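Examination of the molecular architecture
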Amino acid sequence: MKLILRRLSLFFVFIVIGSATMVAQPRAVKKAERKQERIERKEERAANRAIRKGKKRHLEIQSDDVRKRIKKNKKMSSRYGREPFYKRWFKRKKPKRR
């Protein structure tokens with residue numbers, strides 16, 4: 001009986017010590033993760049900025065009549081505000097309630 005209790009107590013001690021060391025992360029790891037996230041956000045912002053500038057440049061290059069057509073089509077398409085037909089066709093249907 002004492003042997004079983006001794007083994008169980010050792011087992012629990014090892015579990016407690018092992019779980020405490022596995023959960024805690026060093027500060028350096030957390031700091032590196034935050035730094036990596038910051039870098040990724042900056043890259044994403046830079047990419048979005050480049051896309052916006054590219055769109056603006058594309059519009060500036062066009063002639064006046066083409067620019068007018070682009071703006072007119074943009075207004076016409078935004079006027080309706082509906083989701084595209086392919087999204088309506090393929091969206092999942094909600095089950096009917098009884």
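Residues numbered from 1 in each chain as written. Predicted model: local features only at pLDDT ≥ 70, side-chain atom pairs only at ≥ 80, totals over all residues. Heavy atoms only, no water.

1. Examining the overall build of the protein
Note the threshold: Each helix is a run of H or I in the DSSP string that is no shorter than four residues. Each strand is a run of E no shorter than two, and both are numbered from the N terminus. We compute the radius of gyration over the C-alpha atoms and compare it with the globule rule, which gives 2.2 Å times the number of residues raised to the power 0.38. Note on classification: 1.4 Å probe, protein chains only; a residue is buried when its accessible area is under 20% of the maximum for its type, exposed when over 50%, partly exposed between these limits. Shrake-Rupley sampling with a 1.4 Å probe provides the accessible areas, and residues are treated as covered by the protein chains on show and by no other component. The charged-residue count follows a simple rule in which Lys and Arg add positive charge and Asp and Glu add negative charge, with His and chain termini not counted at all. Charged groups are reduced to one reference atom each: NZ for lysine, CZ for arginine, CG for aspartic acid, CD for glutamic acid.
Within the protein one finds four helices and zero strands. Helices and strands appear in the protein in the N-to-C order α-α-α-α. For a compact globule of 98 residues, the expected C-alpha radius of gyration is about 13 Å, and the protein comes in at 30 Å, more than 25% above that figure. Principal-axis analysis of the C-alpha atoms gives the protein an extent of 95 × 55 × 15 Å. The proportion of buried residues among the 98 residues of the protein is 2%. A total accessible area of about 10800 Å² is found for the protein, and carbon and sulfur atoms account for 58% of it. Computing the positive centroid from 36 side-chain charges and the negative centroid from 9, the protein places the two 9 Å apart.

2. Considerations on the packing of aromatic side chains
The line we're drawing: Side-chain rings of Phe, Tyr and Trp, where Trp is taken by its six-membered ring, are said to pair if the distance between their centres is within 6.5 Å; with planes under 30 degrees apart they count as stacked, over 60 as edge-to-face, and otherwise as tilted.
For the structure shown, the criterion picks out one aromatic pair. With a centroid separation of 6.4 Å and 75° between ring planes, the pair formed by Trp89 and Phe90 is classed as edge-to-face. Accessibility assignment for this pair places Trp89 and Phe90 in one class, exposed.

3. As for the confidence of the model for the protein
Caution is warranted with low-pLDDT regions, since their predicted coordinates should not be read in detail. Basically, it comes down to this: Known as pLDDT, the predictor's confidence for each residue is given on a scale from 0 to 100.
Chain-level pLDDT for the protein is 84 on average; 92% of the residues reach the 70-or-more range. Considering each helix and strand of the protein separately, the mean pLDDT is smallest for helix H1 (residues 2-23), with a value of 70, and largest for helix H2 (residues 27-61), with 95.

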